[in-house]
Amino acid sequence: MTYDRGYLFSAPQSMRKDFEEFTRSVETGHQYMRNGRNAEAAELFGEALALWRGDVLVDVRRGSVLDAYAVKLEEVRLSAQILRLDACLGQGGDLHLIPELNALAGLHPLNETLQYQRMVALYRSGQVAEALAGYRSFYVQVMEQVGIEPSAHLRDLQSAILNSAPVLSAVATSEEIRRAVSDDEGNGGGGPAPARIPSGSHLRLSSSPARWRPRATKTILPPSQASPSTGVRRITLDAAGIPLSALISEPVGAPARAAVVAVHDSGTNADYFDGRARPQLSLLTLGASLGYTVIAVDRPGYRLSADQLPYGLGLLGQAAALRAALDDFSSRFATGGGLFLLAHSYGGNVALAAAADHTPPGLLGLDISGCGHEYAVDPHEVSVLLDRGRSAKNWGPLSLYPPGTFSGARCRAEDMPARERAELAARPGLFRSVAPRVRVPVRLTFAEHEAWWRQDGDTLADLAAQFVAAPRVTVDRQPDAGHNISLGWAARSYHLRALAFLESCLVPRETTHVERSAAVS
């Protein structure tokens, strides 16, 4: 219609209603994402985007004003597309998102958010080279067309990919990963700095390392020299001729009530039990403050014994070595009322095997987390999923872990010995073979977000039923925790529960001691 000196475009009522509905759905979806409801958010974003039909104002003759309005609408739609993709990434849907991300990144080659999402999806789909190639291509484009480097966030992502940072494997949105990665970079962790493309308008990419220079200089202590928490020191145990490195903390000013022996999972080391992101989360620190001697042992094939055992040992060999190490430990350190094994995942299998048949003297009980008898995944794919610690199943939501958790990952990450890796698929059978022969109290804990093991009611009932000789079996769940339970915010809660179970194991011995003392008097 004619209006003043030009024309006024009056949008149809249906168009206004569609846009209002689109806006409401996007706003609600965004709120859902803030609350971790990614599946519902993705569905809402999809419904909102379905209201669009083709390009904006495609059948309208446009001037400069309508062109500007059309650009604004396209940006609004692109923002919704990016949010939907992020909500899908937050559900772990990586592989099927790559074609859409490729297409959108091609249409918007300078959009850094799309590039970030694409790199995350490629990495989590196992296409590491493609993710890094995407970064190099993006770098060239922004340098040539804009004259600036990618943002610090994208450079931090490249650094994390080069160092196989565990944070990248978590089922999380790109925004959550961005915050976690940038936090770790800011805290001086995460490993060596990434290679960075030299600046210059005459840039030509090459695969030659000579074309690269460090992005920044950071001082990273080797894993074997990383400083433990205050009050924790390194020792060596003799496991029948095999030297096992370990971390130990002892109570100050009073004899130890008991000794807690912590046994780590595959692909990590004793530092797992000394979570340094928050001092109060460290089992070694907490245990000593409550009157226990705590020792975290590097299993055979890890750290100090790696040179002597380049292929590691099988489960039964590790169990025998652990029993020998416990003998050496008991002869040199105060163990109070006895020994208590606290073990995680594959370390739980080792602890069970060590307790079966030839029960170590003074063993009070077992507390095992993240170790079941029926996989929730294909057993033959476990080794691949665990490769380089990249499986999201190890972590769960990133919000479960305090800032700085992933910057310390290099201190506790280790290569998994070949013999141990070869037994991963057989762990359920190994569990069933040793559990009936355990004759001390057992407590098993499964994290709320445990993804490796089945934990429905029937499965857990059958799990407990395997311990036919144990005087007591308890199966617990740990809320707000992922598989790596001793590294998350819930670590202190879990450790306190484990120590409470230890106290219950001490009661019969203390009662017996009192009765014997009364009989003598």
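What counts as what
Residues numbered from 1 in each chain as written. Predicted model: local features only at pLDDT ≥ 70, side-chain atom pairs only at ≥ 80, totals over all residues. Heavy atoms only, no water. Buried < 20%, exposed > 50% of the residue type's maximum accessible area, 1.4 Å probe, protein only. Helix = DSSP H or I, 4+ residues; strand = E, 2+ residues; numbered from the N terminus. Core = buried A, V, L, I, M, F, W, Y, C linked by side-chain atoms within 4.5 Å. Contact = heavy atoms within 4.5 Å. Axes fitted to C-alpha atoms, helices over the stretch in contact; angles between N-to-C directions. Parallel < 35°, antiparallel > 145°, perpendicular 65-115°, else oblique. Left-handed = near helix turned anticlockwise from the far one by under 90°. Nonpolar A, V, L, I, M, F, W, Y, C, P; charged D, E, K, R; others polar. Pairing = 2+ DSSP bridges. Salt bridge = Lys/Arg side-chain N within 4 Å of Asp/Glu carboxyl O.

A. View of helix 7 (residues 152–162). Burial within helix 7 is extensive, with 8 of its 11 residues counted as buried. Where helix 7 is concerned, the buried positions are L154, R155, D156, L157, Q158, S159, A160 and I161. Downstream of helix 7 by one or two residues, S164 has phi in the positive range, about 50 degrees.

B. Representation of the nonpolar core. Ranked by internal contacts, the top residues of the largest apolar core, which has 84 residues, are I161, L168 and L502. Residue contributions to this core peak at 9 residues, all from helix 3 (residues 64–89). With residues up to four places along the chain from it excluded, the contact list for L168 reads Y123, R124, L157, A160, I161, I177 and V181. Counting residues in hydrophobic clusters, the runner-up holds 58 residues, among them L339, A354, F446 and W453.

C. Fine view of the packing of helix 6 (residues 128–145) against helix 7. Running from N to C, helix 6 and helix 7 point in directions that differ by 150 degrees, and their axes come no closer than 11 Å. Taken together, the axis directions place helix 6 and helix 7 in an arrangement best described as roughly antiparallel. Like other packed secondary-structure pairs, helix 6 and helix 7 cross with a definite hand, here left-handed. Where helix 6 abuts helix 7, its residues V128, A131, L132, Y135 and F138 lie against L154, R155, Q158, I161 and L162. Its residues assigned to classes, the contact of helix 6 with helix 7 shows 8 nonpolar, 1 polar and 1 charged.

D. Representation of the sheet that holds strand 8 (residues 293–297) in the model. Spatial strand order, 5-6-8-7-9-10-11-12: 8 strands in an open sheet with mixed pairing. In this open sheet, the two strands that pair with only one neighbour each are strand 5 (233–239) and strand 12 (473–478). Each strand axis lies, on average, 25 degrees off the axis of its neighbour in the sheet, ignoring direction. In this sheet, strand 10 (residues 363–369) lies alongside strand 9 (residues 339–344) in parallel orientation, the contact comprising 6 bridges. Residue pairing for strand 10: L341 is matched across the bridge by L366. Strands strand 5, strand 6 (242–249), strand 7 (259–263), strand 8 and strand 9 of the sheet are contacted by helix 10 (residues 315–332), whose axis makes an angle of about 120 degrees with strand 5. Contacts from helix 16 (residues 457–465) reach strand 11 (442–447) and strand 12 within the one sheet, and its direction differs from that of strand 12 by about 145 degrees.

E. Broad picture of unusual backbone geometry. Although it is not a glycine, S345 adopts a positive phi angle of roughly 55 degrees. Following the sequence through the fold, S345 ends up in the loop between strand 9 and helix 11 (346–355). Residue classification places S345 among the buried positions, given a relative accessible area of 3%. One non-glycine residue with positive phi stands out, namely D357, at about 60 degrees. Looking at the element boundaries, D357 is found in the loop between helix 11 and strand 10. Accessibility expressed as a relative area gives 43% for D357, which makes it partly exposed.

F. Quick look at the pattern of salt bridges. Scanning the entire structure with this criterion turns up 20 salt bridges. Linking R37 and E40 is a salt bridge whose minimum nitrogen-to-oxygen distance equals 2.8 Å. You can call R37 partly exposed: its relative accessible area is 32%. R443 is paired through a salt bridge with D476; the nearest N and O atoms lie 2.9 Å apart. With R443 in strand 11 and D476 in strand 12, this pair connects stretches of sequence that are 33 residues apart.

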